[in-house]
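Architecture and fold: a report
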Amino acid sequence: WTVQQREIFSLLDRALMYGRMAVARDPKNFPAWTQLGISRQNAELHGLAIEAFNQSLTLRPDQQKARFFMSLSQHGQEQYSQAEATLTDALNRSLWEDREDLDRRQDIFYNRACARSRLASSSTDGAAQLAFAEAAMVDLNSACPRADAYQLTLFVRDCESTGDLAHLAQNYPVQIAIIRERLSGTRPSV
């Protein structure tokens, strides 16, 4: 291992240790369960991450955060239908953890667009493919309402040939170009 790899492993190991300690000290602390899930997710322990997110949701069922991060594990395992359903459920909630956060709602819309784009690209049913793609475009417009340099970087990467939004970039080039212009600030916000 390189020095950098050892440092990253040490930080991840420390995050997992502190996460386990936090939930052992206070098993009813839903943010601690969510953070433990995120640490497990970063260690690519997706099954254990989902268990931690489920525990967080048992303790605080009205939150979006645990659902958002659970969907990342599902997406990472190519469980796009589950990720899409989890994100839809998150959008039916109003609290990120214990208060509303409208910027995080945009993140949820963006990730659901990615899941729906993957579902569209893998569907063999033409009607389902079209429905997923059109729903993904609606989500993208909700996720990308104004100039945002960081979001633009993610968007450009996801539109590449192997990215989550490749199906949309190929089949909706005009709409994708409009969103890209909006994110770059050369088109007005919506």
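To start, this report covers the structure provided alongside it. In this text the structure is predicted, and so the values were computed from the model without any measurement. (Residues numbered from 1 in each chain as written. Predicted model: local features only at pLDDT ≥ 70, side-chain atom pairs only at ≥ 80, totals over all residues. Heavy atoms only, no water.)

**Remarks on the packing of helix H5 (residues 80-91) against helix H6 (residues 102-122)**
Here is the rule: Here an angle of 0 to 180 degrees is reported between the N-to-C directions of two axes, which are lines fitted to C-alpha atoms, with helices fitted over the stretch in contact. Going along the chain from the N terminus, every DSSP run of H or I of four or more residues is numbered as a helix, and every run of E of two or more is numbered as a strand. Each angle gets one of four labels, with under 35 degrees taken as roughly parallel, over 145 as roughly antiparallel, 65 to 115 as roughly perpendicular, and the rest as oblique. Crossing handedness follows the turn of the near helix against the far one: under a right angle anticlockwise gives a left-handed crossing, and clockwise gives a right-handed one. In what follows, residue pairs with any heavy atoms lying within 4.5 Å of each other are defined as contacts. For this classification, Asp, Glu, Lys and Arg are treated as charged, while Ala, Val, Leu, Ile, Met, Phe, Trp, Tyr, Cys and Pro are nonpolar and the rest, including Gly, are polar.
H6 packs onto H5 with a crossing angle of 155 degrees between their chain directions and a minimal axis gap of 9 Å. Relative to H6, the element H5 is oriented roughly antiparallel. Note that H5 runs across H6; the crossing there is left-handed. Across the interface between the two elements, Tyr 80, Ser 81, Ala 83, Glu 84, Leu 87, Thr 88, Ala 90 and Leu 91 of H5 pack against Arg 105, Ile 108, Phe 109, Asn 111, Arg 112, Ala 115, Arg 116, Arg 118 and Leu 119 of H6. Its residues placed into classes, the contact of H5 with H6 shows nine nonpolar, three polar and five charged.

**Looking at a nonpolar patch on the surface**
Keep this limit in mind: Excluding any residue in a salt bridge, patches collect residues exceeding 30% relative accessible area, merging like charges within 9 Å and nonpolar Val, Leu, Ile, Met, Phe, Trp and Tyr side chains within 5 Å. Each accessible area is a Shrake-Rupley estimate made with a 1.4 Å probe; only the visible protein chains count as cover when residues are assessed. Each reported salt bridge corresponds to a side-chain nitrogen of Lys or Arg within 4 Å of a carboxyl oxygen of Asp or Glu.
Together, Met 17, Tyr 18 and Met 21 make up an exposed nonpolar region whose accessible area comes to about 300 Å². Looking at where Met 17 falls in the secondary structure, it is placed in helix H1 (residues 3-25).

**Focus: the nonpolar core**
Note the cut-off: Residues enter a nonpolar core if they are buried and are Ala, Val, Leu, Ile, Met, Phe, Trp, Tyr or Cys, with the set joined through side-chain atoms within 4.5 Å. Relative accessible area decides the class of each residue, using a 1.4 Å probe on protein chains only: under 20% of the type maximum gives buried, over 50% gives exposed, and in between gives partly exposed.
Membership of the largest hydrophobic core comes to 35 residues, with the highest contact counts inside it found for Tyr 110, Leu 140, Phe 155, Leu 165, Leu 168 and Ile 176. Of all the secondary-structure elements, those providing two or more residues to this core are helix H3 (46-59), helix H4 (65-76), H5, H6, helix H7 (126-143), helix H8 (149-158) and helix H10 (173-184). Counting residues per element, this core draws most heavily on H6, which supplies six residues. Setting aside chain neighbours within four positions, we find Tyr 110 in contact with Leu 140, Ala 143, Cys 144, Gln 151, Leu 154, Phe 155, Asp 158 and Leu 165. In terms of nonpolar packing, the next biggest core, distinct from the first, is built from five residues, Val 23, Ala 32, Trp 33 and Leu 36 among them.

**A short note on the packing of aromatic side chains**
The condition that has to hold: Here a pair means two rings of Phe, Tyr or Trp (six-membered ring of Trp) with centres within 6.5 Å. Their orientation is stacked below 30 degrees between planes, edge-to-face above 60, and tilted elsewhere. The criterion is that NZ of a Lys, or CZ of an Arg, lies within 6 Å of the ring centre and within 35 degrees of the ring normal, and then a charge sits over that ring.
Scanning all chains against the criterion turns up two aromatic pairs. The rings of Phe 68, Phe 69 and Trp 96 are connected pair by pair, giving a single aromatic cluster. Positioned above the aromatic ring of Phe 68 is the side chain of Arg 104, whose terminal nitrogen or guanidinium carbon lies 5.2 Å from the ring centre.

**A closer look at the packing of helix H2 (residues 30-42) against H3**
For the pair H2 and H3, the least separation of the axes is 8 Å and the interaxial angle reads 165 degrees. Taken together, the axes of H2 and H3 are roughly antiparallel relative to one another. The two elements H2 and H3 meet at a crossing, and its hand is left-handed. Touching Phe 30, Trp 33, Thr 34, Leu 36, Gly 37, Ile 38, Arg 40 and Gln 41 of H2 are His 46, Leu 48, Ala 49, Ala 52, Phe 53, Gln 55, Ser 56 and Leu 59, all from H3. Among the residues forming the contact of H2 with H3, the class breakdown is nine nonpolar, six polar and one charged.

**Remarks on the state of the cysteines**
Applicable threshold: We call a pair of cysteine sulfur atoms a disulfide whenever their separation is within 2.5 Å.
Using the criterion set out here, one finds zero disulfides in the structure. Free cysteine Cys 159: the closest other cysteine sulfur is in Cys 114, separated by 8.6 Å.

**A word on the pattern of salt bridges**
Applying the stated criterion to the full structure yields 13 salt bridges. Taking the shortest distance from any N to any O, the salt bridge between Glu 97 and Lys 65 comes out at 3.8 Å. One end of the pair, Glu 97, is in the loop between H5 and H6; the other, Lys 65, is in helix H4, with 32 residues separating them in the sequence. The exposure class of Lys 65 is buried, given its relative accessible area of 12%. When the shortest N-O distance is used, the salt bridge between Arg 146 and Asp 103 registers 3.1 Å. Note that Arg 146 is positioned in the loop between H7 and H8 and Asp 103 in helix H6, a separation of 43 residues in sequence. By relative accessible area, Arg 146 is classed as partly exposed at 37%.

**Observations regarding H4**
Basically, it comes down to this: What a helix is expected to span follows from its residue count: subtract one and scale by 1.5 Å.
Given a rise of 1.5 Å per residue, twelve residues ought to cover 16 Å, and the 17 Å separating the end C-alpha atoms of H4 matches this to within 8%. Of all twelve residues in H4, ten are buried; the element is thus mostly enclosed. Every buried residue belonging to H4 is among Lys 65, Ala 66, Arg 67, Phe 68, Phe 69, Met 70, Ser 71, Ser 73, Gln 74 and His 75, and all of these are buried. Close packing links the buried residues of H4 with H2, H3, H5 and H6. Following H4 by one or two positions, Glu 78 has its phi on the positive side, about 60 degrees.

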